[in-house]
Amino acid sequence: MPLIGPLPETTAVLVVRHAVRAWLADRDTLDVVAVGLSGGADSTALTAAAVAESCESAVVHALVVDHGLQPGSAQVAAQAAANATRLGAASARVLAVTVGRDGGIEAAARTARYTALRDAAQGSPVLLGHTLDDQAETVLLGLGRGSGGRSIHGMRAWDAPWGRPLLGVRRSTTRQMCVDLGVEVHDDPHNVAPEFTRVRLRHEVLPLLEDVLGGGVVAALGRTADQLRDDSDVLDDLAADLLDRARMAADLDADLDTAVLASAPAAVRRRAIRSWLLDAGAKAVTATHLYAIDHLVVRWRGQGGVAVGGGSAGARLVASRRRGRLSIDRIC
């Protein structure tokens, strides 16, 4: 049976509801949405708010991923699904996944989770419970890796099929909302395990920055992400136009004209090259790859090709310059 009727109008509940309401208002044609529910406070609060705000416009389904990585994970998933039903979700499904090991346990679990959610949603938007705190951690991780503006512009509120209505809401608010609703949530032990980089950022680095800088760091990092994302959108549009012109000038869909590329600013040119590599099937394109291939364009000295991750079994992708064009080949 449903947990409650109308949600109580506490400060925390109203903050979360208003965030979800604003997200939905920008996408007023939705008739079905899914919520990726972990059983934690963030996604549980999101589920309750999504049901409350969508009751007249969209049907809300809860999708609970059981990674099977901890003892009792099936029970945790079942309880999360039960909570979703009590909160008024139209359905609650548990998705059991097998987590590989590629890229480490965190990356492998994320890949398995997102794949399962995307498949189960069948084209509907999937709402995720990422908060402002998660956004701040993402920006710090990007800064530490030094991989450019794209890595520090954070998560988007809408990146189909993923919706993130709570990027302006603090984690403490979602937890308080669950307290206000009287819902018992699951505290994942991985969220306090110091072997995970993001956990140490959460519990050590961000509190220290808040102390040293006098507070407001999480919100400031969120604003930084918003500003960089706006800049990135403009650069992406310029890079897409450059890529089209370089392809047309090469007169071959798979090649790029180096003269056209060289005429563009470096930031736009390297974004165009990155898109070209991804279109060709490259994986995990790094700054090292981009700069080496960029040198084929603007610092050409007859150097050989640049191998990038991707391709297929028994073959690798290699970007080379030939007769004023960039080409990418699969080399066995």
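Predicted model only: the values in this text are computed from it and were never measured.

What counts, and where the lines are drawn
- Residues numbered from 1 in each chain as written.
- Predicted model: local features only at pLDDT ≥ 70, side-chain atom pairs only at ≥ 80, totals over all residues.
- Heavy atoms only, no water.
- Helix = DSSP H or I, 4+ residues; strand = E, 2+ residues; numbered from the N terminus.
- Buried < 20%, exposed > 50% of the residue type's maximum accessible area, 1.4 Å probe, protein only.
- Pairing = 2+ DSSP bridges.
- Right-handed = clockwise from strand over helix to strand, strands pointing away.
- Phe/Tyr/Trp six-rings, centres within 6.5 Å; stacked < 30°, edge-to-face > 60°.
- Lys NZ or Arg CZ within 6 Å of the ring centre and 35° of its normal.
- Contact = heavy atoms within 4.5 Å.
- Axes fitted to C-alpha atoms, helices over the stretch in contact; angles between N-to-C directions.
- Salt bridge = Lys/Arg side-chain N within 4 Å of Asp/Glu carboxyl O.
- Patch = residues over 30% accessible without salt bridge, like charges linked within 9 Å, V, L, I, M, F, W, Y side chains within 5 Å.
- Areas by Shrake-Rupley, 256 points an atom, 1.4 Å probe, with all protein chains shown as cover.
- pLDDT = per-residue confidence, 0-100.
- Bend = angle between axes of the 7 residues up to and from the residue.

Examining unusual backbone geometry
Now for step 1: Put simply, Ala160 and Pro161 share a cis peptide bond, and its omega is 5°.
Now for step 2: Topologically, Pro161 is positioned in the loop between β5 (158-159) and β6 (162-163).
Now for step 3: Backbone geometry at Gln122 places phi at a positive 55°, although glycine is not the residue there.
Now for step 4: Exposure remark for Gln122: the relative accessible area of 71% places this residue in the exposed category.

A look at the pairing of strand β3 (residues 91-96)
Now for step 1: Alignment of strand β2 (residues 59-66) against β3, held across 6 bridges, turns out to be parallel. Bridge pairing links Val65 to Leu95 in β3.
Now for step 2: The parallel pair β2 and β3, bridged by helix α3 (residues 73-86), forms a crossover whose chirality is right-handed.

Some words on the packing of aromatic side chains
Now for step 1: Per the counting criterion, the structure on display carries 2 aromatic pairs.
Now for step 2: Aromatic side chains Trp23 and Trp158 sit 5.7 Å apart centroid to centroid with 70° between the ring planes, which places their arrangement in the edge-to-face category. With a gap of 135 residues between them, Trp23 in helix α1 (residues 11-25) and Trp158 in strand β5 connect regions that are remote in the sequence.
Now for step 3: Given the relative accessible area of 4%, Trp23 is considered buried.
Now for step 4: For Trp158, a relative accessible area of 33% gives the class partly exposed.
Now for step 5: Where Tyr114 meets Trp162, the ring centres are 4.7 Å apart and the plane angle is 50°; that geometry is what we call tilted. In this pair, Tyr114 sits in helix α4 (residues 105-121) while Trp162 sits in strand β6, placing the two residues 48 residues apart along the sequence. For the residue pair Tyr114 and Trp162, the accessibility class agrees, reading buried in each case.
Now for step 6: Lying across the ring of Trp23, Arg27 places its NZ or CZ 4.3 Å from the centre.

Here's the deal with the sheet that holds β3
Now for step 1: Read from one edge of the open sheet, 6 strands run β3-β2-β1-β4-β6-β5, paired in mixed fashion. The sheet is open, and its two edges are formed by β3 and β5, each paired on a single side.
Now for step 2: Here α3 sits on the sheet in contact with β2 and β3, set at roughly 170° to β2.

Focus on the pattern of salt bridges
Now for step 1: One pass over the structure, following the stated rule, counts 18 salt bridges.
Now for step 2: For Asp134, the salt bridge identified is with Arg202, shortest N-O distance 4.0 Å. Note that Asp134 is positioned in helix α5 (residues 132-145) and Arg202 in helix α8 (residues 197-213), a separation of 68 residues in sequence. Residue Asp134 shares its accessibility class with Arg202, and that shared class is buried.
Now for step 3: For Glu137, the salt bridge identified is with Arg171, shortest N-O distance 3.1 Å. Here Glu137, found in helix α5, pairs with Arg171, found in helix α7 (residues 171-181); they are 34 residues apart in sequence, far enough to count as distant.
Now for step 4: On the basis of relative accessible area, Glu137 is assigned to the buried category, the value being 1%.
Now for step 5: Ionic contacts of the salt-bridge type, sharing partners, join the residues Asp134, Glu137, Arg171, Arg198 and Arg202 into one network.

So, a nonpolar patch on the surface
Now for step 1: Judged by side-chain polarity, Leu208, Val212 and Leu213 come together as a nonpolar surface patch covering roughly 320 Å² of accessible area.
Now for step 2: Within the secondary structure, Leu213 sits in helix α8.

A word on the confidence of the model for the chain
Now for step 1: Mean pLDDT over the chain stands at 91; residues scoring 70 or higher make up 96%.
Now for step 2: Confidence, expressed as mean pLDDT per element, reaches its minimum in the chain at helix α6 (residues 149-152) with 79 and its maximum at strand β4 (residues 126-127) with 98.

Quick look at α8
Now for step 1: Of all the bends in α8, the largest measures some 30° and sits at Val205, one to four residues before the proline Pro207.
Now for step 2: Regarding α8, the residues found buried are Val199, Leu201, Arg202 and Leu206.
Now for step 3: Here the buried face of α8 lies against α5, α7 and α9 (217-250).
Now for step 4: With its phi angle positive at about 80°, Gly214 sits one or two positions after the end of α8.

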